[in-house]
Amino acid sequence: MPSVGSGSRIPPGGTLDQVLVKKSATDYDLKWLAVPIGPKGDTGATGAQGPKGDQGDVGALGPVGPAGPTGDTGATGVQGPKGDTGATGSQGPAGAAATGGGSIGFVASAKWSID
């Protein structure tokens, strides 16, 4: 059969969904023919379900949410034990010496009344 192109015995033309067929028993007696399309057949039965697939990767971590409100103040705890006595402090400086002699007097007065 000659190659396709200029001078070939393939008739020009042909469109989508056409095929090249022999018109007769003679060599190279060809024509383009539309392919007949039959009616749609019945839908076949549903096949068996396939095996379960692998688990997907873990998604990205979302952003941190806002802080919640402050909770109520808790109850006051019990008083702790008394602490140890501290160290004794150093002795203070001596007081000033008394000058001149004298006595200290005490005067008492009382007022009595009997009604």
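In this report, we go over the structure that sits alongside the text. All of these numbers come straight from a predicted model, not from anything done at the bench.

Thresholds, definitions, all that
Residues numbered from 1 in each chain as written. Predicted model: local features only at pLDDT ≥ 70, side-chain atom pairs only at ≥ 80, totals over all residues. Heavy atoms only, no water. Helix = DSSP H or I, 4+ residues; strand = E, 2+ residues; numbered from the N terminus. Buried < 20%, exposed > 50% of the residue type's maximum accessible area, 1.4 Å probe, protein only. Salt bridge = Lys/Arg side-chain N within 4 Å of Asp/Glu carboxyl O. Patch = residues over 30% accessible without salt bridge, like charges linked within 9 Å, V, L, I, M, F, W, Y side chains within 5 Å. Areas by Shrake-Rupley, 256 points an atom, 1.4 Å probe, with all protein chains shown as cover.

**Here's the deal with unusual backbone geometry**
Thinking step 1. With a phi close to 70°, Asp17 is a non-glycine residue in the positive phi region.
Thinking step 2. Relative to the helices and strands, Asp17 resides in the segment before strand 1 (18–22).
Thinking step 3. At Tyr28, a position not held by glycine, the phi torsion is positive, near 60°.
Thinking step 4. Within the secondary structure layout, Tyr28 lies in the loop between strand 1 and strand 2 (30–34).
Thinking step 5. The exposure class assigned to Tyr28 is partly exposed, which follows from its relative accessible area of 32%.

**Digging into the pattern of salt bridges**
Thinking step 1. For the structure shown, the criterion picks out one salt bridge.
Thinking step 2. For Asp29, the salt bridge goes to Lys23, with nearest N and O atoms at 3.7 Å.
Thinking step 3. Look at Asp29 and you get partly exposed, because its relative accessible area is 23%.

**Describing a nonpolar patch on the surface**
Thinking step 1. On the surface, Val19, Leu33 and Val35 cluster together to form a nonpolar patch covering roughly 210 Å² of accessible area.
Thinking step 2. The topology assignment puts Leu33 in strand 2.
Thinking step 3. What makes Leu33 partly exposed here is its relative accessible area of 38%.

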